[in-house]
Amino acid sequence: MPEHLSTHQLAGVAAFAVVCAAWLTGLRRAARRGRPGTRSGKRAAVVTPALPVVPRQRGAGPHREAVALTPAERAAFERLVRRLGGRP
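Note that the coordinates shown come from a computational prediction; the quantities given were computed from them, not determined experimentally.

Chemist: Please clarify how the overall build of the chain should be interpreted in this entry.
Modeler: Helix and strand counts for the chain stand at 2 helices and 0 strands. Across the 88 residues of the chain, 0% fall into the buried class. Put simply, the chain shows about 9100 Å² of open surface, and 61% of that area lies on carbon and sulfur atoms.

Chemist: Any chance you could explain the pattern of salt bridges here in plain terms?
Modeler: If charged atoms from side chains of opposite charge come close, those side chains can pair. By the definition in use, this model includes 1 salt bridge. For Glu-78, the salt bridge identified is with Arg-82, shortest N-O distance 3.8 Å. Remark: Arg-82 and Glu-78 occur in helix H2 (residues 71-84); sequence separation between them is 4 residues, near one turn of the helix. The class for Glu-78 is partly exposed, based on a relative accessible area of 38%.

Chemist: Could you clarify how one ought to interpret H2 in this entry?
Modeler: Each full turn of the α-helix corresponds to 3.6 residues, which orients residues three or four apart in the same direction. Its 14 residues give H2 an end-to-end C-alpha distance of 20 Å, which sits within 8% of 20 Å, the value for a rise of 1.5 Å per residue. Gly-86 sits one or two residues past H2 and shows a positive phi near 90 degrees.

Conventions and cut-offs
- Residues numbered from 1 in each chain as written.
- Predicted model: local features only at pLDDT ≥ 70, side-chain atom pairs only at ≥ 80, totals over all residues.
- Heavy atoms only, no water.
- Helix = DSSP H or I, 4+ residues; strand = E, 2+ residues; numbered from the N terminus.
- Buried < 20%, exposed > 50% of the residue type's maximum accessible area, 1.4 Å probe, protein only.
- Areas by Shrake-Rupley, 256 points an atom, 1.4 Å probe, with all protein chains shown as cover.
- Salt bridge = Lys/Arg side-chain N within 4 Å of Asp/Glu carboxyl O.
- Expected span 1.5 Å × (residues − 1).

Structure (structure tokens):
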């Protein structure tokens, strides 16, 4: 045992290593569960579809609104865009 480390510090490092190993094992199992066609352990006979990590997005969004601009409003908007874009 190194002289400059206490027993508590060594126990903390050992506990941290065990927690990291458990986390990596769980992460590996979760990644493997998401892949189709993989079988693991006792559940090899039963293949169930895995839940997707990110749910599917809906095709329809909120209703889009549109406003008709007059030529003067359109010109003012174009000037504003040019000014904010850094062009004179």
